[in-house]
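# Results of the structural survey
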Amino acid sequence: MDVQGRIKAYVGKLNRNCESQSEYLSLWEKWYNGYDANFHKYTIYQNGEYKTFYKKQMNFAKKACEDLANLLANEKCDIIVPKEQKEKLDNILNTNNFWYMLNKQTELAAALSLSALVISVKDITVDANGSLRGKTGKIKISGINAKNIYPITIDNGEITECAFYIKSTNYEDVVYHLQNDDGMYEIHTERQFIGKSSTKGAEITIFKAKTTTPWYMMIQLNLANNLDVDSELPISLFANSIDTLKAIDNKYDAFDTEYTLAKKRIFVSSDLTQVVPSTDGSGNVKVVRVFDTNDIVFYNLPRSDDGKPLISTSNDEIRYQAYIDGINEELNIASVKMGFGKNHYSLGMGGAGEGRIMTATAVVSMQSQLFTTIKKHEIVLEKALRGFVKTLMQVATMYTADEFPDIADNDINIKFDDSVFEDKETEMARDRTNVAAGLMSVVEFRQKWYAQSEDDAKKFINENLKYSLIEHYLPGLAQGGITPQKYVEIVFPEMNEVEQKEMVDYITAYLDSLKVSSAPDNVDDDIYQGDGA
């Protein structure tokens, strides 16, 4: 029984259905690999027989997926949590080489429509009753590509239950992440041993995960499935660009053929290529060829019409620019269709180091389409990362020596790298001006530029900037240029809502009392006539 059949049979007993994988998955894999036999392999009829040829491949699909992954998940990205949890979380992530894996799986998701990062715990010890004996576990994060992912339940585009196929040397595992009636996750492992000597059936173990969030993170692009509008499964980055990829490889292959056909040739008549007998000093006759038979420059032709021996050369001009322009036009079309924007890719036009596909970084910073595309994909990636980190902390608390308190969603922030689009120094200076004008809080500023959580930013301000803030904003408060409410929000961000209201009421009452005490006395103008009356 194939894997799909095994999964359908297992989940069928649990009153569930298994979604079929995309029918286009194998096609996307071929173009990501750079070779589709139905296109790149072809035959030509020559001299009474068919000969097989193979087109050259630029493999632009791989390049596009790699570049998108580098824009979405690179080394400048970060996960922001409260300071006391940050070091422990980073240690778990770095131990598992998380950022490398996220980049790799994001590229595979762009290529094959889907990938996953899955949490597991190893080295757990239990007693005879099955109870946990100390928190000795170690977290492992594994990457799985779309070929080994089998969605079971999809709710509003989110895969809430799923099966993963994992093959080892001696066994094949199908790992099911399912929710029970209480909404808690259970992990079922169906292990099938393989090998000639193995006669065992499948072994099934059930692990109660004790979380309401899945132990996996699905990575996919924010693209609607137009190939099957009734399906909630995602699609590949280049799902709608296969014909363009073919056009690119057609022109690239023709470009290579142009050089092959244009290489120097010397045509000589058969008289000049005949073997010539020669006698050595001992009287032995040897046959000497005029030209080397392995020389690819010379080609044998019959005697010319005038009866004279023929020798001529061929030096055809290479149509370099025409092919470059054609390939660049196709790259431009593919770039727009995949969301990179116009002129993102081009072939080098001569000069040192330009004879390859390269990103036009000077143009990228001005491309609004690319910026919009990246922000669109970040929506789904940010949500997935936030849920993954929350689950990771819960798992670590339950099974490892690391302790994490319950954390709210808004205390987990994902910082993406947008430096390719923005001038950071100019933006930071603008934000400083906004803080000074009261249009942006110091907390927001420190969250954005110093990668601090909201609580850490408030704590820093309270410990280091309190008197500076009071001195800066107090004149504006006294002169009515800033409201008590805004003053309290800026100067006392560490206070909760009730404390801030009490402070606002106190300041308001104090300012009102100052107005009353400084108001002029009511004087009857008819009584007071002045000294000159």
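Residues numbered from 1 in each chain as written. Predicted model: local features only at pLDDT ≥ 70, side-chain atom pairs only at ≥ 80, totals over all residues. Heavy atoms only, no water.

### A look at the overall build of the protein chain
To be explicit about the condition: Helix and strand assignments follow DSSP, with helices taken as H or I runs no shorter than four residues and strands as E runs no shorter than two, numbered in order from the N terminus. Whether two residues are in contact is decided by their heavy atoms: any pair within 4.5 Å suffices. Only the protein chains shown count as covering a residue, and every accessible area follows the Shrake-Rupley method with a 1.4 Å probe.
A count of helical and extended segments in the protein chain gives 15 helices and 19 strands. Of the contacts formed within the protein chain by residues at least 6 apart in sequence, a portion of 60% connects residues at least 24 apart. As presented, the protein chain carries roughly 30500 Å² of accessible surface, and 50% of it is formed by carbon and sulfur atoms.

### A short note on a nonpolar patch on the surface
Counted only if it meets this: A patch consists of residues exposed above 30% relative accessible area that lack any salt bridge, with like charges linked at up to 9 Å and nonpolar side chains (Val, Leu, Ile, Met, Phe, Trp, Tyr) linked at up to 5 Å. Here a salt bridge means any side-chain nitrogen of Lys or Arg lying within 4 Å of a carboxyl oxygen belonging to Asp or Glu.
On the surface, a nonpolar cluster with roughly 350 Å² of combined accessible area is contributed by Y506, Y510 and L514. Here L514 is to be found in helix α15 (residues 497-518).

### Things to note about the sheet that holds strand β4 (residues 115-122)
Let me state the cut-off plainly: Here a strand pair is declared whenever DSSP counts at least two bridges between the two strands. Note on method: axes are straight lines fitted to C-alpha atoms, helices fitted across the in-contact stretch only, with angles between N-to-C directions ranging 0 to 180 degrees.
Read across the sheet, 3 strands follow the order β5-β4-β11 without closing on themselves; strand pairing throughout is antiparallel. Strands at the two margins of the open sheet, each flanked by one partner only, are β5 (138-145) and β11 (216-219). Each neighbouring strand pair of the sheet contributes to a mean axis angle of 20°, computed without reference to strand direction. Note: β4 against β11, 4 bridges, orientation antiparallel. Note on β11: the bridge partner recorded for L117 is M217.

### Here we look at the sheet that holds strand β8 (residues 171-179)
The 5 strands lie next to each other as β6-β7-β8-β9-β10, forming an open sheet whose pairing is antiparallel. Edge positions in the sheet fall to β6 (149-155) and β10 (203-208), since each has one partner strand and no second. Geometrically, the sheet is characterised by an average inter-axis angle of 15° between neighbouring strands, direction not taken into account. Lying over the sheet, helix α1 (residues 3-12) contacts β6, β7 (158-167), β8, β9 (185-193) and β10, oriented at roughly 40° with respect to β8.

### Quick notes on unusual backbone geometry
Under the convention used in this document: Here the term buried applies to any residue with accessible area under 20% of the maximum for its type, exposed to any over 50%, and partly exposed to those in between, with areas from a 1.4 Å probe on protein chains only.
We note that N15 has phi near 60°; this positive angle belongs to a residue other than glycine. On the secondary structure map, N15 appears in the loop between α1 and α2 (25-33). Look at N15 and you get exposed, because its relative accessible area is 76%. Unusually for a residue other than glycine, S113 sits at a positive phi of about 90°. Locating S113 in the fold gives a position in the loop between α6 (98-112) and β4. Overall, S113 belongs to the buried group, its relative accessible area being 6%.

### Comments concerning the packing of helix α5 (residues 83-95) against helix α10 (residues 368-399)
When two helices pack together, their arrangement is given by the angle between the helix axes and the distance between those axes. As a reminder, the rule being used: Each angle receives one of four descriptions, namely roughly parallel if under 35 degrees, roughly antiparallel if over 145, roughly perpendicular if within 65 to 115, and oblique otherwise. Charged means Asp, Glu, Lys or Arg here, nonpolar means Ala, Val, Leu, Ile, Met, Phe, Trp, Tyr, Cys or Pro, and polar covers whatever is left, Gly included.
Interaxial distance between α5 and α10 falls to 11 Å at its minimum, and their mutual angle equals 95°. Classified by the interaxial angle, the pair formed by α5 and α10 is roughly perpendicular. Two secondary-structure elements touch here, α5 through Q85, L89, I92 and L93 and α10 through V389, L392, M393 and A396. Looking at the contact of α5 with α10 residue by residue, the classes come out as 7 nonpolar, 1 polar and no charged.

### Re the pattern of salt bridges
For the structure on display, the rule yields 21 salt bridges. A salt bridge links R16 to E161, with the shortest nitrogen-to-oxygen separation between them at 3.0 Å. Residue R16 is located in the loop between α1 and α2, and its partner E161 is located in strand β7; the two are separated by 145 residues in the primary sequence. Look at E161 and you get buried, because its relative accessible area is 4%. The structure contains a network of salt bridges with shared partners spanning R6, E172 and E190.

### Some thoughts on the environment of V3
Relative to the assigned elements, V3 resides in helix α1. Taking the relative accessible area as the measure of exposure, V3 reaches 15% and is therefore buried. The contacts of V3, once residues within four sequence positions are left out, are Y150 and Y165.

### Re the packing of helix α12 (residues 442-449) against helix α13 (residues 454-478)
This is how the line gets drawn: Here a crossing is called left-handed whenever its near helix is offset anticlockwise from the far helix by less than a right angle, and right-handed whenever the offset is clockwise.
Interhelical geometry of α12 versus α13 gives an angle of 125° and a closest axis separation of 9 Å. One way to sum up the angle between α12 and α13 is to call them oblique. Crossing geometry of α12 relative to α13 is assigned as right-handed. Side by side, α12 and α13 meet where V442, V443, R446 and Q447 of the first sit next to E454, A457, K458, F460, I461, L465 and L469 of the second.

### A few points about the confidence of the model for the protein chain
Selection rule: In predicted models, pLDDT denotes the confidence assigned by the predictor to each residue on a 0 to 100 scale.
The predicted model of the protein chain has a mean per-residue pLDDT of 83, with 80% of residues at 70 or higher. Contacts for the low-pLDDT stretch residues 358-366, under 50 throughout, to residues beyond four places or in other chains number 18 contacts. The low-confidence segment residues 523-533, where pLDDT is below 50, has 1 contact with residues more than four positions distant or belonging to other chains.

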